[in-house]
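Architecture and fold: a report
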Amino acid sequence: MDIYSFKLKTLDMRDEIISWRRDFHKHPELGFQENRTSGIVAQRMVDWGFDVQRGVAGTGIVARMEGKRPGPTVLLRFDMDALPIQEQTSVSYASIHPGVMHACGHDGHLAVGLAVACLMYPNKDLLKGGLKFVFQPAEEVLGGAKRMVDEGVLENPKPDFSLAAHLWNEKPLGWIGISSGPIMAGADTFEIVLRGKGGHGALPSQTRDPIVASAHLITALQSIIARNVDPRESGVISVTQVQAGDAYNIIPEKALLRGTIRTFELNVRQLILERIKTIAVEIAAAFECESEVKILRVAPPVVNDEKITGIARNVAQELFPQAIIASEIMSMVSEDMAYMMDVTPGCYLLIGSNDPERRLDAPHHSPFFNFNEDALTYSTAILAATAWTILETL
Ligand SMILES: [Zn+2]
Ligand SMILES: [Zn+2]
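Note that the structure is predicted; figures quoted are calculated from it, not measured.

Turning our attention to the sheet that holds strand E5 (residues 161–172). Overall, mixed pairing links the 8 strands, which are arranged E1-E2-E4-E3-E5-E16-E6-E15 in an open sheet. In this open sheet, the two strands that pair with only one neighbour each are strand E1 (51–56) and strand E15 (324–326). Along the sheet, successive strands turn relative to each other by an average axial angle of 20°, direction set aside. Sheet strands in contact with helix H10 (residues 375–393) are strand E3 (69–79), strand E4 (128–136), E5, strand E6 (175–177) and strand E16 (346–354), and its direction is about 155° off that of E5.

See the structure below:
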């Protein structure tokens with residue numbers, strides 16, 4: 001099959017894809033609560049002849065299609081969850097659920113997932129290998145992908161390659177990010193409790209003040225990136241929560257710091273974790289306090305496979321010769337698709353979607369978020385044609 005026909009068929013389906021997206025947009029659901037959403041997805045996939053498994057990681061759906069000719073299996077992943085945000089756009093299809101909004105574009109990803117499936121099912125007899133569509137809950141809280149992996153999404157059959165795409169409102173329609181190597185950072189969270197001795201705010205010498213200790217600790221943590229990490233490598237440490245005390249005149253007994261760590265390389269991550277622990281212990285000791293450090297891995301980095309990324313790039317160039325294809329992307333945001341790509345070589349694409357002339361350029365997670373819906377046709381055509389090409393050539 002000529003991959004260009006995927007583009008032509010996608011353009012024919014444009015209005016339908018947009019109407020699917022608007023329906024999902026109007027009815028957003030938070031992570032692990034995507035009941036209506038996954039019900040619609042499952043029903044469509046059944047109608048189109050996919051072998052559908054419901055209830056994976058709660059609301060997740062896995063839908064398989066096996067071709068007549070033996071070959072590898074490609075996993076295509078689409079996330080389904082919305083965010084706890086009160087929508088402030090005035091579009092006719094705005095969220096009808098107060099305080100919940102598709103402000104990241106996952107409504108678009110759902111429509112793209114359905115559109116790719118809709119392009120594939122009439123070609124079942126021509127299909128080589130198999131397709132595994134994964135509709136994942138709870139990407140925003142970075143919990144859904146791991147749970148799907150734990151519940152066997154990468155077994156029976158084990159996918160050989162993986163694909164996913166995110167609408168990208170940082171860049172305009174017509175921009176496509178297809179970059180090999182690490183593209184999104186791995187994330188850890190940390191929590192540090194500093195324990196001292198509380199007392200009267202006017203008699204500090206009788207206390208061991210955890211607030212003063214935490215002030216020094218916050219400053220010292222910044223030195224890890226500036227003084228310990230090799231300047232040619234990168235990382236982020238952000239303290240994002242500081243909690244201590246509840247009165248003007250009382251020195252509290254403890255202070256709590258929380259924050260996030262982002263890294264691309266395992267050695268940088270290891271260095272940062274060790275330095276955080278050492279600095280917390282030593283600073284606490286310097287101020288006669290005690291410290292307790294907890295680190296929680298949230299997601300590994302997203303690393304694109306060179307071969308699969310090359311195929312995706314060639315497909316995108318062939319289908320959209322006018323597009324700007326960027327190949328040097330490294331974002332500090334994280335994405336739990338990393339749990340699937342960690343063991344399944346693949347490519348995670350970014351599909352430019354902003355349109356400043358139509359004021360569709362609010363950032364992801366903004367209450368004003370919206371995008372140029374023609375980005376959905378780019379994403380659909382590229383994902384479908386790339387999956388097809390992988391199955392035909394690998
Ligand atoms: Zn998001
Ligand atoms: Zn997202």
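With that out of the way, let us pick up the domain arrangement of the protein chain. Domain annotation for the protein chain reports domain 1 (4–183 + 302–393) and domain 2 (186–299). On a C-alpha basis, the centres of domain 1 and domain 2 stand 38 Å from each other. Contacts between domain 1 and domain 2 engage 11 residues on the former and 11 residues on the latter. For the pair domain 1 and domain 2, the summed buried area comes to about 840 Å², and 70% of that belongs to carbon and sulfur atoms. For domain 1, the biggest contributors to the area lost against domain 2 are Met332, Ser334 and Tyr339; these three give 56% of the whole. Our count for the domain 1 to domain 2 interface comes out at 0 salt bridges. Our count for the contact surface shared by domain 1 and domain 2 stands at 3 residue pairs in polar contact (both at pLDDT 80 or more).

This part is about the pairing of E16. Working note: regular strand, side chains alternate between the two faces of the sheet. Of all 9 residues in E16, 9 are buried; the element is thus mostly enclosed. The alternating pattern of E16 places Gly346, Tyr348, Leu350, Gly352 and Asn354 on one face and Cys347, Leu349, Ile351 and Ser353 on the opposite face, and all of these are buried. In this structure, E6 lies alongside E16, joined through 2 bridges in antiparallel fashion. Along E16, the bridge assignment pairs Ile176 with Ile351.

On to the coordination of the zinc ion (ligand 1). All of the protein donors around the zinc ion (ligand 1) are Cys104 (SG), Glu140 (OE), Glu140 (OE) and His365 (NE2); their distances to the metal are 2.0 to 2.6 Å. Considering all 4 donor atoms around the zinc ion (ligand 1), the spread of angles at the metal, 55 to 147°, places the coordination shape in the irregular class. One chain supplies every donor for the zinc ion (ligand 1), spaced along it as C-x35-E-x224-H. In this structure, the zinc ion (ligand 1) lies 3.1 Å from the zinc ion (ligand 2), and both are coordinated by Cys104. Here Glu140 is found in the loop between E4 and helix H5 (144–150), whereas its partner His365 is found in the loop between E16 and H10, with 225 residues between them in sequence.

A separate point is the nonpolar core. In terms of nonpolar packing, the biggest core is built from 70 residues, with Met45, Leu76 and Phe133 touching the most fellow members. At 12 residues, H10 tops the list of elements feeding residues into this core. Ignoring any residue separated from it by four or fewer positions in sequence, one finds Met45 in contact with Phe50, Val52, Ala63, Leu114, Ala117, Phe133 and Phe135. By size, the runner-up hydrophobic cluster in this structure holds 25 residues, among which are Trp168, Ile329, Met337 and Leu350.

The topology assignment puts Asn228 in helix H6 (residues 210–228). C-alpha separation for the pair Asn228 and Val333, spaced 105 residues apart in sequence, amounts to 22 Å. Excluding its chain neighbours within four sequence positions, the residues that come into contact with Asn228 are Ser223, Leu271 and Arg275. A polar atom in the side chain of Asn228 sits 3.0 Å from the side chain of Arg275.

Conventions and cut-offs
Residues numbered from 1 in each chain as written. Chains lettered and ligands numbered in written order. Predicted model: local features only at pLDDT ≥ 70, side-chain atom pairs only at ≥ 80, totals over all residues. Heavy atoms only, no water. Pairing = 2+ DSSP bridges. Helix = DSSP H or I, 4+ residues; strand = E, 2+ residues; numbered from the N terminus. Axes fitted to C-alpha atoms, helices over the stretch in contact; angles between N-to-C directions. Contact = heavy atoms within 4.5 Å. Domains from an automatic or database assignment. Buried area = accessible area lost by both parts, 1.4 Å probe. Salt bridge = Lys/Arg side-chain N within 4 Å of Asp/Glu carboxyl O. Polar contact = N/O pair within 3.5 Å; in protein donor to acceptor, adjacent residues only side chain to side chain. Buried < 20%, exposed > 50% of the residue type's maximum accessible area, 1.4 Å probe, protein only. Donors = N, O, S within 2.8 Å, 3.2 Å for Na, K, Ca; no water. Tetrahedral: all angles 85-135°; square planar, octahedral: opposite > 155°, others 65-115°. Core = buried A, V, L, I, M, F, W, Y, C linked by side-chain atoms within 4.5 Å.

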